[in-house]
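Commentary on secondary and tertiary structure
Listed below are the residues making up each chain.
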Amino acid sequence: MTMSPHEVQAYVLTYLEALDCQIMERSPAHVTVKLSPEADKALTNRPYYWGFVERTGAPAETMSFTFIFDSDSYQQAIEAAEAKAAQASPPDGTNGVTNSSPQGEPPKETILGRYFGITPSLPQLGPGRILREEVVYGSRRLQQIFGAAREGGAFVNLFEQAAKRQLRATAPAVYEPWLGVCFKVEFACDLKREELHFLGISLRSGEIIEKFGTKLNRRDLSPRLAENMHVQTAKVSLFDAGAALESHLTNRLLELDYSWAEKAQERLDLELDVLDTYYEAVLREDTPEVESPGNITSDTENVPSDRTSPAPLKNVLDITNAKPIGTDVELAAEAAVPIDSETDAEEEKAKQAVIDREAMKLQYETRRTEMIWQYEPKVKVTAISSGMFHLR
């Protein structure tokens, strides 16, 4: 789903007009607007400023924006306007500098100009500053406007406006309360389709109307209660009315064709079979056994030693015939070290094999869960907006 620049502009203008923003300039490519206090609170993220205004009662200064919907067209319009302005105001003959001061009035001397000559103007700050932003589909500002509209319009309370002759009538007109709920129904698998169902129920008689928005479009609605009008007391509670709308929508959904769900389930079974086949060989491998350090016997015990039992002192003193003991110890150590290294390497290899197997098992479970989430058919119903409508 996407939106063209024209659709984005129409949506943004509808939001700004609904919040009573002041539109100062407008073209097919942009709009310059001064935000209302409500829109400024929703879009500028200045809670400390508005807290100060509410505590002190100071006059609020809202911000101004130029929202650009088509940057190429807007840039071309700016260049054309600058070229037209350059032709309309020729230079004054000195270094090609245009005299922007009124005719006959000398330019004002500034301190910087006295020492450095002509200085460029500084950017305008404060309440008069106009910020520029590109508002296209997917931009941060448009997402913010979507969220503000969703939050501010989640529930409304509107009254049908009476004709002028009703204001002069002797008997007041009677309003009938209606609860309207807009449901979004999502049919999702590896494909997705969405539907909107706007249902309305009378809180006096319990009558349910489908396509309730068509009935509202022909009426003039306002959040203000008109004069000489009377609101009837509801006989059906909001809880019971909401449950009745949900039951009505569920019965309508049960009448639909769900052959798409059967086909989605077949695709899911096929994908799971391929996934199981891929991981089957890996998961069936035997896990190498790892021996604990207590069960591992040192190979040095099996190494034959050339050392004899201690000889009598008198034989030891015979240096020429005595066999050096240090040489035997060194030979035994040299024979034991390589065997210990090989044992440690086998242990590390076995432990790493166990770790790899567990990681592969976790990967398999994750892939299977993702596959089910993507392909499994499901129907999701969400109430995106609702309101009380008092109609004649």
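As a reminder, the structure under discussion sits directly above these lines.
Let me sum up the structure you'll find in this document. Predicted model, so just to flag it, every value in this text is computed and none were measured. (Residues numbered from 1 in each chain as written. Predicted model: local features only at pLDDT ≥ 70, side-chain atom pairs only at ≥ 80, totals over all residues. Heavy atoms only, no water.)

Along its 17 residues, helix 9 (residues 238-254) runs 24 Å from first to last C-alpha, staying within 8% of the 24 Å computed at 1.5 Å per residue. Within helix 9, the full set of buried residues consists of Ala241, Leu245, His248, Leu249 and Leu253. For helix 9, the arc enclosing every buried residue in end-on projection is 135 degrees, short of the 170-degree limit, so these residues lie on one face. Residues of helix 9 that are exposed and point over 90 degrees away from its buried face: Phe239 and Leu254. (Helix = DSSP H or I, 4+ residues; strand = E, 2+ residues; numbered from the N terminus. Expected span 1.5 Å × (residues − 1). Buried < 20%, exposed > 50% of the residue type's maximum accessible area, 1.4 Å probe, protein only. Arc of directions from axis to C-beta.)

Our next topic: the pairing of strand 2 (residues 30-34). On any regular strand, side chains alternate: one points to one face of the sheet, the next to the other face. The buried count for strand 2 comes to 4 of 5 residues, which makes it a mostly enclosed element. Summarising the sheet, strand 1 (residues 22-26) and strand 2 pair through 4 bridges and their orientation is antiparallel. Within strand 2, the residue paired with glutamate 25 across the bridge is threonine 32. What sits between strand 1 and strand 2 in their antiparallel hairpin is a turn of 3 residues. Taken together, the 5 bridges between strand 2 and strand 3 (residues 64-68) define a ladder with antiparallel strand orientation. Residue pairing across strands places valine 33 opposite phenylalanine 65, the latter belonging to strand 3. (Pairing = 2+ DSSP bridges.)

What follows covers the packing of aromatic side chains. Scanning all chains against the criterion turns up 11 aromatic pairs. Judged by centre distance (5.5 Å) and plane angle (75 degrees), the ring pair of tyrosine 49 and tryptophan 50 falls under edge-to-face. Taking the centre distance of 5.4 Å and the plane angle of 10 degrees together, the rings of phenylalanine 65 and phenylalanine 67 count as stacked. The buried category is assigned to phenylalanine 65, whose relative accessible area is 2%. Grouped by ring-pair contacts, the aromatic residues Trp178, Phe198, Phe212 and Phe389 constitute a single cluster. Sitting over the face of the ring of tyrosine 49, arginine 46 holds its NZ or CZ atom 4.3 Å from the ring centroid. Over the ring of tryptophan 373 we find lysine 378, and its NZ or CZ is 5.9 Å from the ring centre. (Phe/Tyr/Trp six-rings, centres within 6.5 Å; stacked < 30°, edge-to-face > 60°. Lys NZ or Arg CZ within 6 Å of the ring centre and 35° of its normal.)

Interpretation note: all reported values are geometric properties and have no functional meaning in isolation.
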